[in-house]
Amino acid sequence: MEDMLVRLYDLPETESTYQRVQEAGVILRRPGVYEKHLVENFVREHFSPKWVSEVSVAMSHQPVTCWIATKEKQILGFACYDTTCKAFFGPTGVSEEARGLGVGKALLYRSLEGLREQGYAYGVIGGVGPKEFYEKACGAFVIPGSTNSIYRDILPEPQ
Ligand SMILES: CC(C)(COP(=O)(O)OP(=O)(O)OC[C@H]1O[C@@H](n2cnc3c(N)ncnc32)[C@H](O)[C@@H]1OP(=O)(O)O)[C@@H](O)C(=O)NCCC(=O)NCCS
């Protein structure tokens, strides 16, 4: 796993991505803190316990540093920022059935704009993941020497 860097002052055009998901009936929004357990349940069901820990931190910030995509009141995907470390993007995930619709890219853009609004010039995609997705969506590039990055000596999950 490596980290990637994103130039937040040089993000691509995002409106067409937002419009595409909106036309598919998808709502992009920050979850309310009263929905914390529901977002955590989604992440637990579709992803991993470690990501539940991270989303729980994002949901405890004010404002919440998490975006979700919903359709017909069901969560399709989520993305966190300023959570694992300051200026980091992630974790993020879209349920398998909802992939390929632009939801992952829309959540990425909302989060990177969130980082930029916090005053960061650069964002870090922590511990990727699908490098080509980030290269293509936001011009991210691998940070030399970032293999394993901060993710060292991690406690194993109980069997
Ligand atoms: C990565 C992920 C969030 C992408 O979500 P998605 O909603 O399917 O992605 P989108 O539909 O927005 O795709 C946007 C573009 O990226 C491309 N893309 C999507 N997933 C990709 C991947 N894994 N590798 C390369 N390109 C990818 C799409 O083809 C699309 O291209 P286009 O803009 O030319 O149409 C989703 O596949 C996922 O949840 N994966 C498992 C969890 C994960 O790996 N999270 C990232 C950890 S760093």
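It should be noted that the structure appears before, not after, this text.
Residues numbered from 1 in each chain as written. Predicted model: local features only at pLDDT ≥ 70, side-chain atom pairs only at ≥ 80, totals over all residues. Heavy atoms only, no water.

## Section: the overall build of the chain
And step 1. For the chain, the helix and strand inventory stands at five helices and seven strands.
And step 2. Intrachain contacts of the chain at a sequence separation of at least 6 include 72% that bridge at least 24 residues.
And step 3. Carbon and sulfur atoms provide 52% of the accessible area of the chain, an area that totals close to 8,800 Å².
And step 4. Counting 17 positive and 20 negative side-chain charges, the chain places the centres of these two groups 2 Å from one another. (Helix = DSSP H or I, 4+ residues; strand = E, 2+ residues; numbered from the N terminus. Contact = heavy atoms within 4.5 Å. Areas by Shrake-Rupley, 256 points an atom, 1.4 Å probe, with all protein chains shown as cover. Lys, Arg positive; Asp, Glu negative; His and termini not counted. Charge placed at Lys NZ, Arg CZ, Asp CG, Glu CD.)

## Quick look at the site of the ligand
And step 1. In the vicinity of the ligand lie 19 residues, with V94, G100, G102, G104 and K105 positioned nearest.
And step 2. Within the backbone of G104, a nitrogen or oxygen atom sits 2.8 Å from an oxygen atom of the ligand.
And step 3. For the ligand, an oxygen atom lies 3.1 Å from a polar atom in the side chain of K136.
And step 4. Relative to its unbound accessible surface of 910 Å², the ligand loses 70% to contact with the protein.
And step 5. By residue number, the principal contributor to the shell around the ligand is helix 5 (residues 131-138), which donates four residues. (Near = heavy atom within 4 Å. Polar contact = N/O pair within 3.5 Å; in protein donor to acceptor, adjacent residues only side chain to side chain.)

## As for the pairing of strand 5 (residues 88-94)
And step 1. Most of strand 5 is tucked away: seven of the seven residues are buried.
And step 2. The antiparallel pairing of strand 4 (residues 74-81) with strand 5 creates a hairpin that spans six residues between the two strands, and D82 there sits at a positive phi of about 55°.
And step 3. The pairing of strand 5 with strand 6 (residues 122-128) spans two bridges and is classified as parallel. Bridging across to strand 6, F89 finds its partner in I125.
And step 4. On the question of chirality, the crossover connecting strand 5 to the parallel strand 6 by way of helix 4 (residues 103-117) is right-handed. (Buried < 20%, exposed > 50% of the residue type's maximum accessible area, 1.4 Å probe, protein only. Pairing = 2+ DSSP bridges. Right-handed = clockwise from strand over helix to strand, strands pointing away.)

## Some details on the side chain of T14
And step 1. Mapped onto the elements, T14 comes out in the loop between strand 1 (2-7) and helix 1 (15-23).
And step 2. Since its relative accessible area comes to 10%, T14 is described here as buried.
And step 3. Of the polar contacts made by the side chain of T14, one reaches the side chain of E113; its length is 3.1 Å.
And step 4. Discounting chain neighbours no more than four positions away, the residues touching T14 are Y109 and E113.

## Let's talk about the pattern of salt bridges
And step 1. The full count for this structure, using the stated rule, is six salt bridges.
And step 2. One salt bridge connects R7 with D10, and the closest N-O pair in it is separated by 3.3 Å.
And step 3. For R7, a relative accessible area of 29% puts it in the partly exposed group.
And step 4. The partly exposed category is assigned to D10, whose relative accessible area is 43%.
And step 5. The salt bridge involving E113 is made with R110; its shortest N-O contact spans 3.8 Å. You can see E113 and its partner R110 sitting in helix 4, three residues apart, about one turn around the helix. (Salt bridge = Lys/Arg side-chain N within 4 Å of Asp/Glu carboxyl O.)

## Regarding the packing of helix 4 against helix 5
And step 1. Relative to each other, helix 4 and helix 5 sit at 65°, their axes nearing to 11 Å. At the point where helix 4 passes helix 5, the crossing takes the right-handed sense. Where helix 4 approaches helix 5, its residues G104, K105, L108, Y109 and L112 are matched on the opposing element by F133, Y134, A137 and C138.
And step 2. Taken together, the residues of the contact of helix 4 with helix 5 break down into seven nonpolar, one polar and one charged. (Axes fitted to C-alpha atoms, helices over the stretch in contact; angles between N-to-C directions. Left-handed = near helix turned anticlockwise from the far one by under 90°. Nonpolar A, V, L, I, M, F, W, Y, C, P; charged D, E, K, R; others polar.)

## Here's the deal with the sheet that holds strand 1
And step 1. Ordered in space as 2-3-4-5-6-1-7, the seven strands form an open sheet in which the pairing is mixed. Looking along the sheet, the strands with just one partner apiece sit at the ends: strand 2 (27-29) and strand 7 (141-142).
And step 2. Packed onto the sheet, helix 2 (residues 36-46) meets strand 3 (66-71), strand 4 and strand 5 and runs at close to 95° relative to strand 4.
And step 3. Contacts from helix 5 reach strand 1, strand 5, strand 6 and strand 7, with the element oriented near 5° to strand 1.

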